[in-house]
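Coordinate analysis (summary)
Listed below are the residues making up each chain.
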Amino acid sequence: MAERPYIVGNWKMNGTRAMLSEARAIDRASQRHMKVEVALAPPFTLIHAVHREVEQIGVGAQDCHALTEGAHTGDISAAMALDAGAKFVILGHSERRTNHGESDALIRDKVAAAREAGLQVILCCGESEAQRDAGEAEAHVLGQLKAALPESDNASEWLTVAYEPIWAIGTGRVPTTDDIAAMHGAIRGLLTDMYGDAAAETRILYGGSVKAENAAAILALADVDGALVGGASLTAEAFLGIVYAAAEGEDERA
Ligand SMILES: O=C[C@H](O)COP(=O)(O)O
């Protein structure tokens, strides 16, 4: 079991400087709950501003290019994200895979680029509703991870996995706790096969319609080490409800 629960807010394509007050409020409140690690991934345009605004929480990017520099209009390299204040990058999110046609091979290259630059990686995986209905969810998710991860490396120092069933993202629908636990157990098994006992330290987040109301039940599951939160990370009030649920869970376990 990883040391502290990790609650990460992914602002997606939301946020202007007016939202810095939300980041500040999240940061200040999180300082009173040090048993929980909290981070935000704002859009590229706000990484530097959020980094300057906060004292405690981590700041990350939502994507990076697989190359270090060059003629790639509109793209951002891992080193640029790091320079702006990011300490991690979310890679392989289903919205990148769907909207930008990102393949497992490209995501593998991006993971390598992020590591080379010194960024931690939150690697996303998740099945569609059709894949789950066909009984292919686990094979699909494990296949995504195998395709994107290096085989001989101690990943626990830089890797976080986020399991996000596509059909649960932004829909208000959440898998059963049994289904979440089964998938997280399977992911832990794969990481252990790949990286040995150190895989116990790799955090596996759940993402998909996490809110204050369902966070405690999800975070209490075996092999769920935190949450990747979209919509409910856009206001301090909603996001902190999840942070507080994680903190209360830690208090109960203590
Ligand atoms: O990255 C976050 C996930 O896609 C979850 O988004 P959501 O909390 O809005 O369902």
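A brief structural summary. Just so we're clear, the structure is a prediction, and the values are computed from it rather than from any experiment.

1. Description of the overall build of the chain
Scanning the chain from N- to C-terminus turns up 10 helices and eight strands. Whereas a compact globule of 254 residues would reach a radius of gyration of roughly 18 Å, the chain reaches 17 Å, a difference of no more than 12%. Across the 254 residues that make up the chain, the buried fraction comes to 45%. Sequence-distant contacts, at least 24 apart, represent 73% of the contacts inside the chain between residues at least 6 apart.

2. Quick word on the site of the ligand
Around the ligand, the surrounding shell holds 14 residues, and the nearest of these are Asn10, Ile169, Gly207, Gly230 and Gly231. Residues belonging to the shell around the ligand are distributed by class as follows: five nonpolar, eight polar and one charged.

3. Some remarks on the sheet that holds strand β3 (residues 58-61)
The eight strands lie next to each other as β1-β2-β3-β4-β5-β6-β7-β8, forming a closed barrel whose pairing is parallel. Going across the sheet, the axis of each strand differs from the next one's by a mean of 25 degrees, ignoring polarity. One ladder, built from two bridges, connects strand β7 (residues 203-207) with strand β8 (residues 226-229); its direction is parallel. By the bridge assignment for β8, tyrosine 206 is matched with alanine 227. Its contacts with the sheet put helix α7 (residues 137-148) on β5 (120-125) and β6 (159-163), and the angle it makes with β5 is roughly 145 degrees.

4. Some points on helix α2 (residues 44-53)
When α2 is considered as a whole, its buried residues turn out to be Leu46, Ile47, Val50 and Glu53. For α2, the angular spread of the buried residues around the axis is 140 degrees, confining them to a single face. On the buried face of α2, the contacting elements are α1 (20-30), β2 (37-41), β3 and α3 (78-84).

5. Some remarks on helix α5 (residues 104-117)
Taking 1.5 Å as the rise per residue, α5 with 14 residues should run 20 Å; its terminal C-alpha atoms sit 20 Å apart, in good agreement. Looking at α5, one finds that the buried residues are Ile107, Lys110, Val111, Ala113 and Ala114. Seen from one end, α5 has its buried residues packed into an arc of 165 degrees, which puts them on one side. With respect to the buried face of α5, the exposed residues turned more than 90 degrees away are Ala105 and Glu116. Among the structural elements, α3, β4 (88-91), β5 and α7 are those in contact with the buried residues of α5. Taken from the residues just after α5, glycine 118 is the one with a positive phi, measuring 95 degrees.

Calculation rules
- Residues numbered from 1 in each chain as written.
- Predicted model: local features only at pLDDT ≥ 70, side-chain atom pairs only at ≥ 80, totals over all residues.
- Helix = DSSP H or I, 4+ residues; strand = E, 2+ residues; numbered from the N terminus.
- Rg over C-alpha atoms; globule rule 2.2 N^0.38 Å.
- Buried ≥ 20, exposed ≤ 12 C-beta atoms within 10 Å, placed from the backbone.
- Contact = placed C-beta atoms within 7 Å.
- Near = placed C-beta within 6 Å.
- Nonpolar A, V, L, I, M, F, W, Y, C, P; charged D, E, K, R; others polar.
- Pairing = 2+ DSSP bridges.
- Axes fitted to C-alpha atoms, helices over the stretch in contact; angles between N-to-C directions.
- Arc of directions from axis to C-beta.
- Expected span 1.5 Å × (residues − 1).

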